[in-house]
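A look at the structure
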Amino acid sequence: MNDDTNPLSLPPDEMRRLGYQVIDQIVDHFTNLKDKKVLNTFPHPEMSQIIKPDIPIEGQGPEKVFQHLKTDIFAHTLHSDHPRTFAFIPAASNYISVLADALAAGHNVFSGHWMSAASAAQVETVTIDWLKECCGFPVRAGGIFVSGGSTANLMAVATAKKSKIDNRKNGVVYFSQQTHSSVSKALRILGFHSHQMRAIPVDDQFRMQTDDLVFHIQKDKKEGREPFCIIGNAGTTNTGAIDPLPVIAEIARRFNMWFHIDGAYGAAAVLTEKGKKLLTGLELADSLTLDPHKWWFQPYEIGCLLVREKSHLKETFHVSAEYLVNPDDRIEKEINYYDYGIQLTRSFRALKLYTSLKVFGLDNFKKAVERGIEAAEYIEQLLRQKEGWKIVTPAQLGILNVVYQPTGVGDQKADALAKTISTKISEEGYAFILTTVLNGRTVLRMCPIHPGLTKEEIQIIIDQMDTIAQSLV
Ligand SMILES: Cc1ncc(COP(=O)(O)O)c(C=O)c1O
């Protein structure tokens, strides 16, 4: 080894210049987003011409590469943070969290270990405590930040299994037919087979039918299986439906089962008066998935799992290793987060939520969530006044589903219309709306939860939808 300079370093002035350039680009993104097309996707042949597979043996220098990022990479994505993205779960981010994320990456904080970053562990604990308080969880509860809702759901089932059953072969898990696909994926990863998963039917409002739930639990018990976990929804992805959480909590208690709630989408509504009432029972869960990169306005990736008894996480995820000796291991409050989850090396995810909550305050988060709930209600109100439009599921927790079906148009034709309207809207690029399927019918699903969306924009979108729909019939 000789003493040449680090081949991966840059002089400070160059670092600053590039940094300012990047910040300018991000600020432009935040301020000019509304003028941009929402969906900017490209077919593979063209994309493979722009982003080439050759390994860059020799560096091309930052100027060229950063220009490539700007014009080729960031110009060809869906703006899931666009105020007029109504598809999937839109991901309105916020600038403060982006800066906090940059700081966390810049300092490359290792968030696995108290010894490595006591401050990061304390920030995570405090931020988890805030979420616990918002959701009505007891002081003894704990939690951890993870990559997203899928990982949180996976960890919840792993924790339920560890806590409730010895033998995975006999265990059965129950959830409604409207439950997010990440739950069955989690079960599959954990080695459960389809005969150990019970998708319980839903009522006409897409909520779990608890009579069916009890029926299946009793039947499985009689047949020698071990029902050990029920998963309820606090806001389904399709319709925003909330399962009857207090009833499910009582059933879980009666049968000594773990009660997990998937609140990845909807739990944030607990910040609002309306949402708090709708989400009664959230506080009864043994574990709860939240997803700050959804309705808590954080940039990807940050999900969260809360557990009623913190010790359950440690019992599930702690593994000893001689190289992980920590002098403070026995001090309960000095948490090593790697003992509470899957990752050993972890980024400092908590920082963005912590910082944005401190900068804006919980009241402003509450107002931002309220805007999404009201936007969906406003869309419903406008569409009810337009001829031919039917509300399939009314605005609930910021989601509604609609079809265009004027008199004389059959179901099949209306299904096809929903698809065509979605495609045409997306092609025009002012808004992005996709379809889903409910009770076998294709419907337009709208999730208008970006707090920057205005009434005027909503009116334009509704007029656009109506014009397209009429032109098709
Ligand atoms: C209700 C629900 N649960 C879980 C998930 C999975 O979360 P993630 O995409 O953060 O992994 C989603 C994602 O949309 C969701 O809507």
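Above this text is the structure in question.
Residues numbered from 1 in each chain as written. Predicted model: local features only at pLDDT ≥ 70, side-chain atom pairs only at ≥ 80, totals over all residues. Heavy atoms only, no water.

1. Some thoughts on the pairing of strand β7 (residues 303–307)
The following threshold applies: Here's how the labels work: a residue is buried when its accessible area is under 20% of the maximum for its type, exposed when over 50%, partly exposed in between, all with a 1.4 Å probe on protein chains only. Numbering of helices and strands runs from the N terminus; a helix is a DSSP stretch of H or I covering at least four residues, while a strand is a stretch of E covering at least two. For two strands to count as paired, DSSP must find a minimum of two bridges between them.
Burial within β7 is extensive, with 5 of its 5 residues counted as buried. Neither face of β7 is left uncovered, since the one carrying Gly-303, Leu-305 and Val-307 and the one carrying Cys-304 and Leu-306 both have all their residues buried. Pairing of strand β1 (residues 142–146) with β7, which is carried by 5 bridges, proceeds in the antiparallel orientation. Within the sheet, the bridge partner assigned to Gly-143 lies in β7 and is Leu-306. As paired elements, strand β6 (residues 287–290) and β7 share 4 bridges and run antiparallel to each other. Across the sheet, Leu-288 pairs through a bridge with Leu-306, a residue of β7.

2. Some remarks on the site of the ligand
In plain terms, the rule: Nearness is judged by heavy atoms alone; a residue qualifies as near a molecule or strand once a single heavy atom is within 4 Å of it. Two N or O atoms count as a polar contact when they lie within 3.5 Å, although within protein this holds only if one can serve as hydrogen donor and the other as acceptor, and sequence-adjacent residues are included solely when both atoms are side-chain atoms. The Shrake-Rupley method, run with a 1.4 Å probe, gives the accessible areas here. Residue values count only the displayed protein chains as cover. Gly falls in the polar group here, along with every residue not listed as nonpolar (Ala, Val, Leu, Ile, Met, Phe, Trp, Tyr, Cys, Pro) or charged (Asp, Glu, Lys, Arg).
Around the ligand, the surrounding shell holds 14 residues, and the nearest of these are Gly-149, Ser-150, Asp-262, Asp-291 and His-293. Between the ligand and His-293, the relevant distance is 2.8 Å, taken from an oxygen atom to a side-chain nitrogen or oxygen of the residue. Within the side chain of Lys-294, a nitrogen or oxygen atom sits 3.0 Å from an oxygen atom of the ligand. When the ligand is considered free in solution it has 390 Å² of accessible area, and contact with the protein chains removes 84% of it. Among the elements that take part in the shell around the ligand, helix α6 (residues 149–164) stands out by supplying 3 residues, more than any other. Across the shell around the ligand, the residue classes tally to 2 nonpolar, 9 polar and 3 charged.

3. Section: the sheet that holds strand β11 (residues 441–446)
Across a sheet, paired strands are connected by hydrogen bonds in the backbone, their directions being either parallel or antiparallel. Spelled out, the test is: Here an axis means a line fitted to C-alpha atoms, over the contact stretch when the element is a helix, while the angle between two N-to-C directions is reported on a 0 to 180 degree scale. For this analysis, residues touch if any pair of their heavy atoms sits within 4.5 Å.
Pairing within the open sheet is antiparallel, and its 4 strands lie in the order β8-β9-β11-β10. The sheet terminates laterally at β8 (389–396) and β10 (434–438), the two strands that pair on one side only. Averaged over all adjacent pairs, the angle separating strand axes in this sheet is 35 degrees, with direction ignored. Across 3 bridges, the pairing between strand β9 (residues 399–404) and β11 is antiparallel. For Asn-401, the partnering residue across the bridge sits in β11 and is Arg-445. Its contacts with the sheet place helix α13 (residues 362–384) against β8, β9 and β11, and it is angled at close to 160 degrees to β8. With respect to the sheet, helix α15 (residues 455–472) is in contact with β8, β9 and β11, its orientation differing from that of β9 by roughly 25 degrees.

4. Regarding the pattern of salt bridges
For clarity, the cut-off: Any Lys or Arg side-chain nitrogen located within 4 Å of an Asp or Glu carboxyl oxygen qualifies as a salt bridge.
Within this structure, the stated rule accounts for 21 salt bridges. One salt bridge connects Arg-140 with Glu-309, and the closest N-O pair in it is separated by 2.6 Å. With Arg-140 in the loop between α5 (118–135) and β1 and Glu-309 in the loop between β7 and α11 (310–317), the pair connects residues that are 169 residues apart, well separated along the chain. A salt bridge links Glu-380 to Arg-384; its shortest N-O distance comes to 2.7 Å. In this pair, Glu-380 and Arg-384 both sit in helix α13, 4 residues apart, roughly one turn of the helix. Its relative accessible area of 13% is what places Glu-380 among the buried residues. Exposure remark for Arg-384: the relative accessible area of 54% places this residue in the exposed category.

5. Let's talk about helix α8 (residues 210–222)
What counts is decided by this rule: Multiply 1.5 Å by the residue count of a helix minus one, and that product is the helix's expected span. Working definition: the arc comes from the directions between the helix axis and the C-beta atoms, pointing outward to the latter.
For α8, spanning 13 residues, the distance from its first C-alpha to its last is 18 Å, which sits close to the expected 18 Å at 1.5 Å a residue. For α8, the complete set of buried residues consists of Thr-210, Leu-213, Val-214, Ile-217 and Asp-220. Along the axis of α8, the buried residues cluster in a sector spanning 135 degrees; they form a single face. Away from its buried face, by an angle of more than 90 degrees, α8 presents the exposed residues Asp-211 and Lys-222. Against β2 (171–176), β3 (197–200), β4 (226–233) and α9 (245–254) lie the buried residues of α8.

6. Description of the packing of α5 against helix α12 (residues 350–360)
What counts, and what does not: To sort the angles, those under 35 degrees are grouped as roughly parallel, those over 145 as roughly antiparallel, those from 65 to 115 as roughly perpendicular, and the leftovers as oblique. A clockwise turn of the near helix away from the far one marks a right-handed crossing, whereas an anticlockwise turn of less than a right angle marks a left-handed crossing.
At a minimum axis separation of 9 Å, α5 and α12 run at an interaxial angle of 60 degrees. Of the possible angle classes, the one that applies to α5 and α12 is oblique. The hand of the α5/α12 crossing is left-handed. Across from Val-123, Glu-124, Val-126, Thr-127, Trp-130 and Leu-131 in α5, the residues of α12 making contact are Ala-350, Leu-351, Leu-353, Tyr-354, Leu-357 and Lys-358. Tallied by class, residues from the contact of α5 with α12 come to 9 nonpolar, 1 polar and 2 charged.

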